[in-house]
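What follows is the residue order along each chain.
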Amino acid sequence: LSNSEDKVDGNDSGKKPLLLPQGPAFARDTMSKQIAQKAAERAHQNQREQLFGKRNPDTVTQDFQEQDFDKLLAMHRDEQEKIAEEMISMTHRLKEQSLVAQSIIKEDTDRADKINKKADENLAKLENEGGRISKLASRWNCRCWIWLAMFIVLLTFVGMVLLMKLFKKKIPVSTEL
C-alpha cells in the first residue's frame, strides 16, 4: 500500500508533495499542528480516493482548500519570521542597552574609587593636622600658665605701688630745732 501511495503522491497527481511542519515547538504551535493534521487527513483521503478510483465532486473544492492551506501556512511562516526578526532586533537593542549600562556602571565605579582615594588622603591630612594642633595646644597651654603667672605678678606689683601711694608712711615731724 505504501508503494502505491508513493506513486500516487509523487508522479501521478502532478502536485508537489505536502510538507508538514516539523521541528521544535513554538508559540501558536497547537494551531499549526491542527492545520497540519487536517491537511494530512485531506491528503490521505485524497490518496485513498485516487487509489480506489472514487472521485468526489468536492475534489475541486479540496484542491482550492489545499491552496488556502498553503496560503495559511505561508502566512503562518511569515508571522513566525517577523516574530523572529523582532526578537533579533530586541536582542540587539538589549545588548546595546546592556553595553551602555555597563559603561555607565564602570564610570560610576571609577568615580567612586577616585572619591574613596580622595577621602583617604583627606583623612590622612586631617590626622596630620590634628597632631600638629594638639602639639600647638599643649605648648599654648604651658605658655598660657606662664602668661597668667606674669600677669598676676604684674598686678601684685601695681597693687603694691598703689597701696604705697595711698597710704604713705607718716614721718614724724621733729620739733627740735
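Computed from a predicted structure; not experimentally measured.

Rules behind the numbers
- Residues numbered from 1 in each chain as written.
- Predicted model: local features only at pLDDT ≥ 70, side-chain atom pairs only at ≥ 80, totals over all residues.
- Heavy atoms only, no water.
- Helix = DSSP H or I, 4+ residues; strand = E, 2+ residues; numbered from the N terminus.
- Buried < 20%, exposed > 50% of the residue type's maximum accessible area, 1.4 Å probe, protein only.
- Areas by Shrake-Rupley, 256 points an atom, 1.4 Å probe, with all protein chains shown as cover.
- Patch = residues over 30% accessible without salt bridge, like charges linked within 9 Å, V, L, I, M, F, W, Y side chains within 5 Å.
- Salt bridge = Lys/Arg side-chain N within 4 Å of Asp/Glu carboxyl O.
- pLDDT = per-residue confidence, 0-100.
- Contact = heavy atoms within 4.5 Å.

Attention now goes to the overall build of the protein chain. Each helix and strand counted, the protein chain has 3 helices and 0 strands in total. The helix and strand sequence of the protein chain, counted from the amino end, reads α-α-α. Across the 177 residues of the protein chain, 8% fall into the buried class. Carbon together with sulfur atoms contributes 62% to the accessible area of the protein chain, which is approximately 16300 Å² in total.

The next thing to look at is a nonpolar patch on the surface. The grouping of L154, F157, V158, M160, V161, L162, L163, M164, L166 and F167 at the surface amounts to a nonpolar patch, some 1100 Å² of accessible area in total. Inspection of the secondary structure puts F157 in helix α3 (residues 59-166).

What follows covers the confidence of the model for the protein chain. Mean pLDDT for the protein chain: 79, with 73% of residues reaching 70 or above. Within the protein chain, α3 carries the highest mean pLDDT (88), whereas helix α1 (residues 2-12) carries the lowest (44). Below a pLDDT of 50 lies the segment residues 1-14, which in the model reaches 13 contacts outside its immediate sequence neighbourhood of four places, other chains included.

Enumeration over the complete set of coordinates arrives at 2 salt bridges. Here R111 and D108 are joined by a salt bridge, their closest N and O atoms 3.5 Å apart. Here the residue R111 and the residue D108 both occupy positions in helix α3, the gap between them amounting to 3 residues, near one helical turn. One salt bridge in this structure joins R132 and E129, with 3.2 Å as the shortest N-O distance. Of this pair, R132 and E129 are both found in helix α3, 3 residues apart, which corresponds to roughly one turn of the helix.

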